[in-house]
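Now for the letters of each chain:
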Amino acid sequence: MSIFRRLPADVRKSLKTEQGERVLTFSQGADGHVVATNLALYLSDGTRVPYEEIDRASWDEEGVRVLTTDGVRHFERISEPRMLPETVRERVNSTIVVNKHVSLPGRGGVRLVARRRPGGEVLGWTFVFDEGLDPADPGLRAQAEQALEGVRRSMGV
C-alpha cells in the first residue's frame, strides 16, 4: 500500500480543525479514519484529542490505546497504522517542555511534567505519582508542590 494515499474529501471536511491545522497522516480504522494533524489526533468517532492532552499512546497488533492527562482512555482498532505511531509520538513529545521524576521523602516519587500547545506557552504542570501513591493525600501533594518549586527555579520554567 502506498504511503501517499490521500484522505478522502468527505473525511477531511468532517474534521473540526482549527485555523492553520493541517493533516499529516491518517489510517483506516475499523470504525472510520484516524487522523493525525499538526495539532491533534482525531479518532474515528470525531473526538479531537490535542497532543498536549495525551499522556500516553501505545500501539500493538490490535490498534492504538490513548490515555489522556485527565485519565480518559480511548481505543481504536487499526490493522495498518502507516505513519500514525511515529507522527503521534513526535507530536506528543514536542508538547513536553519538562519531564522530570523527583523522589519524595520516604515514599516513592512523582513525575513533574510541563506541557504546551505546539508553538505556544507552557500550559501548566501535571503530577504523575508513582504507582501505589495516593494523589489525593494532602501531605503527598504538598511534597510534590515543594519539589515542583525546586524544579521550576532550577529550570526557569
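Not measured: the values here are computed from a predicted model.

Colleague: What's the story with the nonpolar core in this structure? I'm lost.
Modeller: Note that soluble globular proteins tend to have their nonpolar side chains buried in a common cluster. Counting residues in each nonpolar core, the largest one holds 14 residues, and the members touching the most others are Leu104, Val110, Leu112, Trp125, Phe127, Phe129 and Val151. Taken together, the elements giving at least two residues each to this core come down to β8 (96-103), β9 (109-116), β10 (122-129) and α3 (138-155). Counting residues per element, this core draws most heavily on α3, which supplies 5 residues. Among residues more than four places away in sequence, those in contact with Phe127 are Val110, Arg111, Leu112, Arg141, Ala144, Glu145 and Leu148. Listed in part, the 13 residues of the second largest apolar core include Ala36, Val49, Ile54 and Ile78.

Colleague: Would you take a moment to explain the side chain of Ser27 for this structure?
Modeller: Locating Ser27 in the fold gives a position in strand β1 (residues 23-29). When its relative accessible area of 1% is taken as the criterion, Ser27 is described as buried. Beyond its immediate sequence surroundings of up to four residues, Ser27 is in contact with Gly32, His33, Val34, Ile78, Glu80, Pro81 and Leu84.

Colleague: Help me understand the domain arrangement of the protein chain, please; the structure alone is not making it clear to me.
Modeller: Each assigned domain of the protein chain is listed with its residue range as follows: domain 1 (9-93) and domain 2 (96-155). For domain 1 versus domain 2, the distance between C-alpha centres works out to 26 Å. At the junction of the two partners, domain 1 supplies 12 residues and domain 2 supplies 7 residues. Summing the contributions of domain 1 and of domain 2, the shared interface buries around 790 Å²; its carbon and sulfur component is 40%. Between the two partners, domain 1 and domain 2, sit 3 salt bridges. Between Asp55 and Arg111 there is a salt bridge; the shortest N-O distance is 3.7 Å. Taken together, domain 1 and domain 2 are joined by 5 residue pairs in polar contact (both at pLDDT 80 or more). Mapped onto the side of domain 1 that touches domain 2, the elements with two or more residues apiece are β5 (54-59) and α2 (84-94). Class assignment for the residues of the side of domain 1 that touches domain 2 results in 4 nonpolar, 3 polar and 5 charged.

Quick notes on the rules
Residues numbered from 1 in each chain as written. Predicted model: local features only at pLDDT ≥ 70, side-chain atom pairs only at ≥ 80, totals over all residues. Heavy atoms only, no water. Core = buried A, V, L, I, M, F, W, Y, C linked by side-chain atoms within 4.5 Å. Buried < 20%, exposed > 50% of the residue type's maximum accessible area, 1.4 Å probe, protein only. Helix = DSSP H or I, 4+ residues; strand = E, 2+ residues; numbered from the N terminus. Contact = heavy atoms within 4.5 Å. Domains from an automatic or database assignment. Buried area = accessible area lost by both parts, 1.4 Å probe. Salt bridge = Lys/Arg side-chain N within 4 Å of Asp/Glu carboxyl O. Polar contact = N/O pair within 3.5 Å; in protein donor to acceptor, adjacent residues only side chain to side chain. Nonpolar A, V, L, I, M, F, W, Y, C, P; charged D, E, K, R; others polar.

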